[in-house]
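Residues per chain, in single letters:
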Amino acid sequence: MSDSIEKQQTPVLDDENQLKLGIFGINMRGGVTLSPIEGMVEGTWEENLRYAKWADRIGIDAIVPIARWRGYGGEANLGDRSFETFTWATGLLTATERAQIFCTVHVPIVHPALAAKMMATVDHISGGRVGLNIVAGWNPEEMSMFGMTQREHDERYQVADEWAQVIKQLWTVTGEQDFDGEYYKVPGGFSEPKPLQKPYPVIMNAGTSAAGREFAAKHSDLIFAGLTTLETAAAQVAEIKSLARDKYGREIRVFGRAHIVCRDSEAEAKAEYDRVHKEVADLEGAKNIVRLNMPNSQSADWESLKMEQILEGTVAGLWALPLVGTPDQVAQQIVDLHESGLDGVAFSWPDFDEGLEQLETSILPRLVEAGIRAPVTGGVTAGTTAD
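Chains are numbered independently. Their residues run from 1 in the order of the written sequence. Only residues with pLDDT of 70 or above have their local features reported here, since the model is predicted, and side-chain atom pairs are shown and tallied only from 80 upward, although totals for entire chains, interfaces and linings are computed over all residues. Calculated side-chain values reflect all of the structure's heavy atoms, with hydrogen atoms and water omitted.

(A) Summary view of the overall build of the chain. Regarding its fold elements, the chain presents 12 helices and 13 strands. A compact globule built from 387 residues would reach a C-alpha radius of gyration of about 21 Å, and the chain, at 20 Å, matches this within 12%. For the chain, the C-alpha atoms occupy an extent of roughly 60 × 45 × 45 Å along the three principal directions. Relative accessible area decides the class of each residue, using a 1.4 Å probe on protein chains only: under 20% of the type maximum gives buried, over 50% gives exposed, and in between gives partly exposed. Out of the 387 residues belonging to the chain, those deemed buried represent 58%. In this description, contact between two residues means that some pair of their heavy atoms is separated by no more than 4.5 Å. The contacts in the chain between residues at least 6 apart in sequence include a share of 75% that link residues at least 24 apart. Neither His nor the chain ends is counted toward charge; the positive residues are Lys and Arg and the negative residues Asp and Glu. Lys charges are placed at NZ, Arg charges at CZ, Asp charges at CG and Glu charges at CD. Of the side chains in the chain, 35 bear a positive and 57 a negative charge, and the two mean positions are spaced by 3 Å. Under the scheme used here, helices are H or I runs from DSSP no shorter than 4 residues and strands are E runs no shorter than 2 residues, and both carry numbers assigned from the N terminus. Based on C-alpha atoms, the radius of gyration is set beside the globule rule, defined as 2.2 Å times the residue count to the power 0.38.

(B) Geometry of the pairing of strand E7 (residues 185-189). The pairing of strand E6 (residues 177-180) with E7 spans 3 bridges and is classified as antiparallel. Bridge pairing in E7 links aspartate 180 to lysine 185. Following E6, the chain reverses through 4 residues before pairing antiparallel with E7. A pair of strands is considered paired only if DSSP assigns at least 2 bridges between the two.

(C) Focus on the packing of aromatic side chains. Only centres within 6.5 Å qualify two rings of Phe, Tyr or Trp (six-membered ring in Trp) as a pair; their planes then separate them into stacked at under 30 degrees, edge-to-face at over 60, and tilted for everything else. Under the defined criterion, the tally for this structure stands at 9 aromatic pairs. Note on phenylalanine 224 and phenylalanine 255: the rings are 5.6 Å apart at their centroids and 70° apart in plane angle, and the pair reads as edge-to-face. You can see phenylalanine 224 sitting in strand E10 (residues 222-224) and its partner phenylalanine 255 sitting in strand E11 (residues 253-262), a full 31 residues away along the chain. We note that phenylalanine 224, like phenylalanine 255, is buried. Following the ring pairs from residue to residue traces out a cluster consisting of Tyr51, Phe347, Trp349 and Phe352.

(D) Broad picture of the packing of helix H5 (residues 153-172) against helix H6 (residues 210-219). Axes here refer to lines fitted to C-alpha atoms; in helices the fit is confined to the stretch in contact. Angles between the N-to-C directions go from 0 to 180 degrees. One can describe the packing of H5 onto H6 by two numbers: an axis separation of 9 Å at closest approach and a directional angle of 15°. Compared by their axis directions, H5 and H6 come out roughly parallel. Viewed along their axes, H5 and H6 form a crossing whose handedness is right-handed. Where H5 approaches H6, its residues His153, Asp154, Tyr157, Ala160, Asp161, Ala164, Gln165 and Lys168 are matched on the opposing element by Ala211, Gly212, Phe215, Lys218 and His219. Classifying every residue of the contact of H5 with H6 gives 5 nonpolar, 4 polar and 4 charged. Angles below 35 degrees are treated as roughly parallel, those above 145 as roughly antiparallel, those between 65 and 115 as roughly perpendicular, and all remaining angles as oblique. Each crossing is labelled by how the near helix is turned from the far one, with a counterclockwise turn of less than a right angle marking it left-handed and a clockwise turn marking it right-handed. In this classification, Asp, Glu, Lys and Arg are treated as charged, Ala, Val, Leu, Ile, Met, Phe, Trp, Tyr, Cys and Pro as nonpolar, and every other residue, Gly included, as polar.

(E) Highlighting a nonpolar patch on the surface. Together, Trp69, Met145 and Phe146 give the surface a local cluster of nonpolar side chains, amounting to about 280 Å² of exposed area. Note on methionine 145: relative accessible area 44%, which makes it partly exposed. The patch calculation keeps residues exceeding 30% relative accessible area without a salt bridge and links them within 9 Å when they carry like charges or within 5 Å when they are nonpolar (Val, Leu, Ile, Met, Phe, Trp, Tyr). Here the open area of atoms and residues is found with the Shrake-Rupley method and a 1.4 Å probe, where only the protein chains shown may cover a residue. We define a salt bridge as a side-chain nitrogen of Lys or Arg found within 4 Å of a carboxyl oxygen belonging to Asp or Glu.

(F) Main features of the environment of leucine 356. The topology assignment puts leucine 356 in helix H12 (residues 352-369). Once the C-alpha coordinates of leucine 356 and leucine 34 are considered, the two residues, 322 residues apart in sequence, prove to be 19 Å apart. What leucine 356 contacts, discounting residues up to four positions off in sequence, is Ile23, Tyr51, Trp54, Ile58 and Trp349.

(G) Broad picture of the side chain of aspartate 61. Within the secondary structure layout, aspartate 61 lies in the loop between helix H1 (45-57) and strand E3 (62-64). Definition of a polar contact: a pair of N or O atoms within 3.5 Å, with one able to donate and the other able to accept a hydrogen when the atoms are protein atoms, and with sequence-neighbouring residues admitted only if both atoms are side-chain atoms. Looking at aspartate 61, its side chain comes within polar contact range of the side chain of arginine 373, at 2.6 Å. Among all residues touching aspartate 61, those that are not within four sequence positions of it are Pro11, Val12, Asn17, Leu19, Lys20, Leu21, Arg98, Ala99, Gln100 and Arg373.

(H) Structural detail: the environment of tyrosine 72. With respect to the helices and strands, tyrosine 72 occurs in the loop between E3 and helix H2 (85-95). With a relative accessible area of 7%, tyrosine 72 lands in the buried category. As for tyrosine 72 and valine 186, which are separated by 114 residues in sequence, their C-alpha atoms are 35 Å apart. When residues no more than four places from it in sequence are discounted, the contact partners of tyrosine 72 are Asn77, Leu78, Trp138, Asn139, Gly285, Asn288, Ile289 and Leu292.

Next up, the structure:
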């Protein structure tokens, strides 16, 4: 094994596929669907292992978890059971061969010196396939479990900025070096071994508020953008990329999230979407999430939306873009997202077993035929579209 790996050669940053694909939220019960339905994510290790191996086999580039410490309440009580992401990622990385698997860290909870050592350890265990998803921390009820008081929104990103500076220093500087910031004092900062990925592991974040975009432009290799609609995606993506390029001279990848309901006919798909996300939706849990988010997150334009829209978006993938229709329609929507400037999309489904089967047999072949995904040896090949 090489002593170092250029991170531009990792699955989420290399040139193998024009459009990178990921799966999102399998590490917590319910995934990201607020409906108590048959087939929902149960949050067991056996299940997570099955999803990760499946995704790895069919060429998925990224597996991204959510860091949660308590449930949201309501009938579904989304996230009441979840796996801690550093140890979760380590286990899945030892069981897979290709996919980049991310650890999600809440900045206020984990000191950057500890995170630097844990990430380097996992990077060596995985042969250079771990990624870090940095979250500034927004849930005051979770913060209070750690004896912390929530900071004001933009200050949270000021703290995250110093946190990122510390961890990058520990990953790249040989020997000891002090860090003397407003929020972090690290005398004689030192961490060995360094990560295998050079200059350091892939970093992402998901904040799409002004402060979140600023953080991403300065520190991240990729950002999960909260896209409003398919129609506005191009403008949002262009704005994020130009900020990184113009202000920091950096190129940043922009990923979106999509929540898929796919059926043989458009009418069947819409009926299933309505059943899961409206008829049996956990509105009490959704209202709890909105109650926590509205005063603590600036990633959504709350004032322009009706409460009915906000709750539906919460239930359906925690504000992911809904892709609803036949395999042809869903695949075309994914192609449209790529043409809007997106470099990647992370998928969720109400039922991940059903979704991964549809992805493998019906959607990925169409993306291969469209030229935005490379054929996978032993998996998806060009010209094998299934109906």
